[in-house]
Amino acid sequence: MLLGITVGGKFRINGRLSGGGLGVLYEGTDTAENTPVLVRTLHSRYHSDKEMVGEFRSQSETIRKLTSEHTARVLAIVKEPGVVGYVTERPDGVSLQHLLDAGRVFDAQSALIIAKQVAESLADAHGKGVVHRGLKPAQIVVHEPDGHDQPAEVTVVGYGLTAVRQHSTASNLRTADRSPEYMAPEQVSQDGVSAATDL
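About the criteria used
Residues numbered from 1 in each chain as written. Predicted model: local features only at pLDDT ≥ 70, side-chain atom pairs only at ≥ 80, totals over all residues. Heavy atoms only, no water. Pairing = 2+ DSSP bridges. Helix = DSSP H or I, 4+ residues; strand = E, 2+ residues; numbered from the N terminus. Expected span 1.5 Å × (residues − 1). Buried < 20%, exposed > 50% of the residue type's maximum accessible area, 1.4 Å probe, protein only. Arc of directions from axis to C-beta. Phe/Tyr/Trp six-rings, centres within 6.5 Å; stacked < 30°, edge-to-face > 60°. Core = buried A, V, L, I, M, F, W, Y, C linked by side-chain atoms within 4.5 Å. Contact = heavy atoms within 4.5 Å.

**Q** Would you mind showing me how to read the sheet that holds strand β1 (residues 6-7) here?
**A** The strands that make up a sheet are held in pairs by hydrogen bonds between backbone atoms, and each pair lies either parallel or antiparallel. If you trace the six strands from one edge of the open sheet to the other, you get β1-β2-β3-β4-β6-β5, paired in antiparallel fashion. Whereas interior strands pair on both sides, the edge strands pair on one side only; in this sheet they are β1 and β5 (74-80). Here five bridges tie strand β4 (residues 35-42) to strand β6 (residues 83-89), and the two strands are oriented antiparallel to one another. Bridge pairing in β6 places T41 opposite G85.

Written as structure tokens, this is what we have:
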């Protein structure tokens, strides 16, 4: 566990949010700005896999170039003793999955607003050669302003670990790390993915 340590010189890891076959997601704080962040780390058991670590870092550098206002920005890429990962901003709001689980029903206009913003995030990523591969309601953060006349603001999170290509040594774990109900057929068969996989 990495709780309580500081990575990247200023990002303190406060608590674990979730984990999967590839890595762990932590909540943290940018101690210089006093703002919340997310820290995504690769499991330590993969740190000796030079191909996987190199590919992860390469993908992280690409993801850092994403510029859509509807994508969580990468603030730092971390490779330190015991830690391989990256830090992103933590958007305000709750996941779309949380809203759906709470019984929230969106009217057609609200649903279109959310879908359009998700599509803008994906268009920017696909234009830079990045496929999310793990897009699902839990990866879509919805912030609803206090004013009822203001549309919801959406941020897509989770670009990163899911973007590591499947030909590496732990491809079977990459498949297990995702939610089958949201996977495209080509992800199950490992026939190769494209931008269409996210749609």
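Back to the text.
**Q** Explain helix α3 (residues 108-127) to me, please; I cannot follow it from the model alone.
**A** Turn by turn, an α-helix covers 3.6 residues, leaving residues three or four places apart pointing in a common direction. In a regular helix each residue adds 1.5 Å, so 20 residues correspond to 28 Å; α3 covers 28 Å between its end C-alpha atoms and thus fits that length. Those residues of α3 that fall on the buried side of the exposure criterion are I114, Q117, V118, S121, L122, D124 and A125. For α3, the angular spread of buried residues about the axis comes to 165 degrees, placing them on one side. Among the exposed residues of α3, those pointing more than 90 degrees away from its buried face are A108, Q109, L112, K116, A123 and G127.

**Q** Whenever I open this one, the packing of aromatic side chains confuses me. Can you help?
**A** Geometrically, a pair of aromatic rings is defined through the distance of the ring centres and the angle of the planes. The final tally for this structure, using the stated rule, is one aromatic pair. Here F56 and Y86 contribute two aromatic rings whose centre-to-centre distance is 5.9 Å and whose plane-to-plane angle is 40 degrees, an arrangement assigned as tilted. Of this pair, F56 sits in helix α1 (residues 50-63) while Y86 sits in strand β6; the two residues are 30 residues apart in sequence, bridging distant segments of the chain.

**Q** Where do I start with the nonpolar core in this structure?
**A** V118, I140, V142 and Y159 are the most contacted members of the largest nonpolar core, which has 27 residues in total. Those elements that provide at least two residues to this core are α1, β5, β6, α2 (96-101), α3, β8 (140-143) and β9 (153-156). Leave out the neighbours within four places in its chain, and I140 touches V94, S95, L96, V118, L135, V154 and T155.

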